[in-house]
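# Summary of the model geometry
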Amino acid sequence: MTASMNDARAIAQAIVAAHGLRFGAITAAPVSAPVFSSDDPVYRGAKQACSALGFIEIDAECLAHAWRAQTLRLSNFDAALWPDAPADFGMRPFPPAARDDAFPPCPERLGLYAVLPDAQWVGRMARAGVPTVQLRFKSDDAEAIEREVQAAVEAVRGTDALLFINDHWQVAIAAGAYGIHLGQEDLDALSPDQLAQLRASGARLGVSTHGYAEMVRADKVSPSYIAMGAVYPTTLKKMATAPQGVARLAAYARLLRGYPQVGIGGIDAVRLPEVLATGVGSVAVVRALVAAEDPEATARQWMAAMDSNAVGN
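What this report covers is the structure whose coordinates are included nearby. (Residues numbered from 1 in each chain as written. Predicted model: local features only at pLDDT ≥ 70, side-chain atom pairs only at ≥ 80, totals over all residues. Heavy atoms only, no water.)

Secondary structure assignment for the protein yields 13 helices and eight strands. Taken over C-alpha atoms, the radius of gyration comes to 21 Å for the protein, in line with the 20 Å a tight globule of 313 residues would show. Taken along its principal axes, the extent of the C-alpha atoms in the protein is 60 × 45 × 35 Å. Considering the protein as a whole, with its 313 residues, one finds that 53% of them fall into the buried category. Taking the intrachain contacts of the protein between residues at least 6 apart in sequence as the baseline, contacts between residues at least 24 apart amount to 61%. Looking at the protein, you have 27 positive and 33 negative side-chain charges, and the mean spots of the two groups are 4 Å apart. (Helix = DSSP H or I, 4+ residues; strand = E, 2+ residues; numbered from the N terminus. Rg over C-alpha atoms; globule rule 2.2 N^0.38 Å. Buried < 20%, exposed > 50% of the residue type's maximum accessible area, 1.4 Å probe, protein only. Contact = heavy atoms within 4.5 Å. Lys, Arg positive; Asp, Glu negative; His and termini not counted. Charge placed at Lys NZ, Arg CZ, Asp CG, Glu CD.)

Have a look at this one:
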């Protein structure tokens, strides 16, 4: 369907018609977005469409500006061409690893990424051959946190596992962990001096994202990898955004193709192939291993499936 670059309603209808089956339109007709920051018809039409396709306000706004930038760059509106050029989202040149302020690189494919509750589990999965492990230790006791982080660093010693510490970045740096993983709120809470300290430490940095706006914000610090989710419903934590689904994950993967990427949230063995088909090089799991009857055997099965997919690609 073609649409005039000056007709916002036609633009909205064309985008929904082109992408409704893939992303799932909320309504048969585009709904009006509540707030517009520009009178540009491509922007307004795209925001209406993205709202109708179920994107939350900040992501619809981000996408709408990207649609406008793409249209200006190509001198043509194309409803079929979903934005996936970093420059259209206001991102700096890719690949991010080439930037002066980039965090140290990590493998493009982090493989099976086990998110684990304590150092004992970290060691167990590292010895099982899981390539990437994360300590997500929840406590308000500073001494307990320090002990657990140090124990996790010791637990992976002598294995090939890459250890990321969730949240406790200062303790992780002091303990010599390979990397740190921060949620969006934790990243936003860092002062410029703290961010500089984190960057100067030489630790790798991974950042959680839950949509376009958060991916653009994460890209500003040029992290080592970006995690995207929740892909499917998960009961492990209350999410501010709805499950993203594999269609969105595939679109995110195309936009962030200069980054190592991790899909996370509700992924099980049945869903694994369709997640890997999006192009992400890593899948993070929590319950799939911790709640398994034989965690080591389960880890081997997952790693074999991921290796097979990598060879197939």
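Next comes the rest of the account.
Taken together, the side chains of Asp140, Asp141, Glu143 and Glu146 define an acidic patch exposed on the protein surface. Note that Glu146 resides in helix H5 (residues 142–155). (Patch = residues over 30% accessible without salt bridge, like charges linked within 9 Å, V, L, I, M, F, W, Y side chains within 5 Å. Areas by Shrake-Rupley, 256 points an atom, 1.4 Å probe, with all protein chains shown as cover. Salt bridge = Lys/Arg side-chain N within 4 Å of Asp/Glu carboxyl O.)

In this structure, Pro95 follows Phe94 across a cis peptide bond, with omega equal to 0 degrees. Here Pro95 shows up in the loop between helix H3 (57–74) and strand E1 (111–116). With an omega of -10 degrees, the peptide bond running from Gly229 to Ala230 counts as cis. Here Ala230 is to be found in the loop between strand E6 (225–229) and helix H10 (245–255). Residue Ser222 is not a glycine yet carries a positive backbone phi of 50 degrees. Within the fold, Ser222 resides in the loop between helix H9 (212–219) and E6.

Moving on to helix H4 (residues 119–127). What H4 keeps buried is the set Ala119, Trp121, Val122, Gly123, Met125 and Ala126. Among the residues of H4, the N-terminal cap falls to Asp118, whose side-chain oxygen and the backbone nitrogen of Gln120 are separated by 3.2 Å. Trailing H4 by a residue or two, Gly129 shows a phi angle of about 95 degrees, which is positive. (Polar contact = N/O pair within 3.5 Å; in protein donor to acceptor, adjacent residues only side chain to side chain.)

The subject of this paragraph is the pairing of strand E8 (residues 282–285). Residues Ser282 and Ala284 line one face of E8 and the alternating positions Val283 and Val285 line the opposite face, and both faces are buried. Pairing between strand E7 (residues 261–264) and E8: three bridges, direction parallel. In the strand pairing of E8, Ile264 is matched with Ala284. (Pairing = 2+ DSSP bridges.)

In this structure the tally under the stated criterion is 12 salt bridges. Between Asp219 and Arg99 there is a salt bridge, with its nearest N and O atoms 3.0 Å apart. With Asp219 in helix H9 and Arg99 in the loop between H3 and E1, this residue pair connects regions lying 120 residues apart in the sequence. Neither residue differs from the other here; Asp219 and Arg99 are each classed as buried. In this structure, a network of salt bridges that share partners links the residues Lys47, Glu57 and Glu61.

A few words now on the nonpolar core. Counting 90 residues, the largest nonpolar core has Ile15, Phe55, Trp82, Val133 and Tyr212 as its most contacted members. Ignoring sequence-local partners within four residues, the contact set of Ile15 consists of Gly20, Ala46, Ala49, Leu53, Trp67, Phe77, Ala79 and Trp82. With 10 residues, the next largest nonpolar core counts Cys106, Leu162, Phe164 and Tyr225 among its residues. (Core = buried A, V, L, I, M, F, W, Y, C linked by side-chain atoms within 4.5 Å.)

Tracing the chain through its elements places Thr298 in helix H13 (residues 295–312). Beyond its immediate chain neighbours, meaning those up to four positions away, Thr298 contacts Ala288, Leu289 and Ala292.

Okay, the packing of aromatic side chains next. As enumerated under the stated definition, the model contains 14 aromatic pairs in all. Ring geometry for Phe164 versus Tyr178: centroids 5.5 Å apart, planes at 90 degrees, classification edge-to-face. Of the two residues, Phe164 sits in strand E3 (residues 162–166) while Tyr178 sits in the loop between helix H6 (169–175) and strand E4 (179–182), which places them 14 residues apart along the sequence. Phe164 gets classed as buried once you look at its relative accessible area, which sits at 0%. Of the aromatic side chains, those joined through ring pairs into one cluster are Phe23, Phe55, Trp67, Phe77, Trp82, Phe89, Tyr212 and Tyr252. Its end group placed over the ring of Phe55, Arg248 keeps NZ or CZ at 3.9 Å from the ring centre. Note that Arg271 overlies the ring of Tyr232, its terminal NZ or CZ placed 4.2 Å from the centroid. (Phe/Tyr/Trp six-rings, centres within 6.5 Å; stacked < 30°, edge-to-face > 60°. Lys NZ or Arg CZ within 6 Å of the ring centre and 35° of its normal.)

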